[in-house]
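# A look at the structure
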Amino acid sequence: MSPTRALRRRPLRGAAALAGAAAFALAVTACSTSTASSNGTGSGTNYVGGTGEISTVEPGHRVAAPELSGKSVDGAPLSLADHKGKVVVLNIWGSWCPPCRAEAPHLAKVAKETGSQGVQFLGINTRDLQTAQAKAFEKEFAIPFPSFYDPSGDLVLRFPKGSVNPQAIPSTLIIDRQGKIAVRALKELSADELHEVLDPVIAEK
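This section reports on the structure supplied with the text. Throughout, residues of each chain are indexed from 1 in the direction in which the sequence is written. In keeping with the predicted nature of the model, local features appear solely for residues at pLDDT of at least 70, side-chain atom pairs appear and are counted solely at 80 or more, and the whole-chain, interface and lining totals rest on all residues. With hydrogens and water stripped out, all remaining heavy atoms of the structure feed into the side-chain values.

Here the focus is the environment of Asn125. For Asn125, the position within the fold is in strand 8 (residues 119-126). Spatially, the C-alpha atom of Asn125 lies 5.1 Å from that of Tyr149, the residues being 24 residues apart in sequence. The residues touching Asn125, leaving out its near neighbours within four places in the chain, are Val73, Trp93, Gly94, Ser95, Ala134, Ser147, Phe148, Tyr149, Asp150 and Pro151. In terms of polar contacts, Asn125 uses its side chain to reach the side chain of Asp128, at 2.6 Å. Helical segments are the DSSP runs of H or I of at least four residues, strand segments are the runs of E of at least two, and each set is numbered from the N terminus. Residue contacts are defined here by distance: any two heavy atoms, one from each residue, within 4.5 Å place the two residues in contact. N or O atoms closer than or at 3.5 Å make up a polar contact, with two conditions inside protein: a donor-capable atom paired with an acceptor-capable one, and, for residues adjacent in sequence, both atoms drawn from side chains.

What follows is the structure, given as structure tokens:
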């Protein structure tokens, strides 16, 4: 199979697809590059919206997620490696980001629904200069999973080029049981959209 056929773009359910598509290169040997429009920046905020695209990668063309370790928003040690063998949903968010607030209840819901299926949700909180804002966010939305505290975005920059856009917040990655990136979403997700891309990864052997 040619590298460019390794990626499958999923149309967003219930909405017309945005014109074009984002550059997406998860590996040097398996990449696809195209252009896309952005949904812009929120008035009075620092966030840059994603392209509204969800991209998936077939198992044979996935690239490994980087090692992530550090402190959680609550100050506890946190490591991606602790969840080896699980499907990991990794959400990049900030308390200052309106789309992050919009999707938070959906993430919390799906995290509770899939925990018994070997799925671990994690977050990367970025650009919150103090943990107080992030803690308030987690409390407000009853977030049931921990997040790395990454105010400067260092952890985000560890990901392979093209696997996540540091300017697209929120972004969500789904990492398969082999520790490889299977899905990238550069948009806020509904519970249905998340299930649509997560359930097939859970079902993989």
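There's more to say after this.
If you trace the backbone, Leu194 turns up in helix 3 (residues 191-203). A C-alpha to C-alpha distance of 9.8 Å links Leu194 and Ile54, two positions 140 residues apart in sequence. Each residue touching Leu194, except ones within four places of it in the same chain, is listed here: Val89, Leu107, Val110, Phe121, Ile174 and Leu189.

The next point concerns the pattern of salt bridges. A pairing counts as a salt bridge when a side-chain nitrogen of Lys or Arg comes within 4 Å of a carboxyl oxygen of Asp or Glu. Evaluated as defined, the whole model comprises six salt bridges. Between Glu140 and Arg101 there is a salt bridge, and its shortest N-O distance comes to 2.6 Å. Linking Glu140 in helix 2 (residues 131-140) with Arg101 in helix 1 (residues 98-114), this pair joins segments that are 39 residues apart in sequence. Taken together, the shared-partner salt bridges connect Arg62, Asp176 and Glu204 into one network.

With that settled, consider unusual backbone geometry. A negative phi angle characterises most non-glycine residues, just as the trans form characterises most peptide bonds. Of the consecutive residues Ile169 and Pro170, the connecting peptide bond is found in the cis state with omega at 10°. The topology assignment puts Pro170 in the loop between strand 9 (147-150) and strand 10 (171-175). The residue Arg127 is not glycine, and still its phi comes out positive at about 65°. With respect to the helices, strands and loops of the structure, Arg127 is situated in the loop between strand 8 and helix 2. One non-glycine residue, Ala142, lies in positive phi territory at about 50°. Within the secondary structure, Ala142 sits in the loop between helix 2 and strand 9.

This next bit is on the packing of helix 1 against helix 3. In a packed pair of helices, the relevant descriptors are the angle between the two axes and the axis-to-axis distance. Put simply, helix 1 and helix 3 touch, their axes get as near as 10 Å, and they point 35° apart. Crossing of helix 1 over helix 3 shows right-handed handedness. Taken together, the residues of helix 3 that come into contact with helix 1 (itself represented by His106, Leu107, Lys109, Val110, Glu113 and Thr114) are Ala191, Leu194, His195, Leu198 and Ile202. When residue character is reported, Ala, Val, Leu, Ile, Met, Phe, Trp, Tyr, Cys and Pro are called nonpolar, Asp, Glu, Lys and Arg charged, and the others, Gly included, polar. By residue class, the composition of the contact of helix 1 with helix 3 is six nonpolar, three polar and two charged. Simply put, an axis is a line fit to the C-alpha atoms, just over the touching stretch for a helix, and the angle between two N-to-C directions goes from 0 to 180 degrees. Two helices cross in a left-handed way if the nearer one is turned anticlockwise from the farther one by less than a right angle. They cross in a right-handed way if the turn is clockwise.

Quick look at the pairing of strand 8 now. Burial analysis of strand 8 places eight of its eight residues in the buried class, which makes it a mostly covered element. At this point the chain moves from strand 7 (residues 87-93), through helix 1, to the parallel strand 8, and the crossover so formed is right-handed. Pairing between strand 8 and strand 9: four bridges, direction parallel. Bridged to Thr126 within strand 9 is Asp150. Orienting the strands away from the viewer, one traces the path from the first strand over the helix to the second; a clockwise path indicates a right-handed crossover. Crossover connection from strand 8 via helix 2 to parallel strand 9: handedness right-handed. Categorising residues by exposure relies on relative accessible area from a 1.4 Å probe, with only protein chains included: less than 20% of the type maximum marks a residue as buried, more than 50% marks it as exposed, and the intermediate range marks it as partly exposed. Here a strand pair is declared whenever DSSP counts at least two bridges between the two strands.

Extensive coverage of strand 7 is indicated by the burial of seven of its seven residues. The side-chain alternation of strand 7 yields two buried faces, one formed by Val87, Val89, Asn91 and Trp93 and the other by Val88, Leu90 and Ile92. Both strand 7 and strand 10 contribute to a ladder of five bridges, which runs antiparallel. Residue Leu90 lies in a different strand from strand 10, and its bridge partner there is Leu173.

Don't take any of this as a statement about function, it's just geometry.
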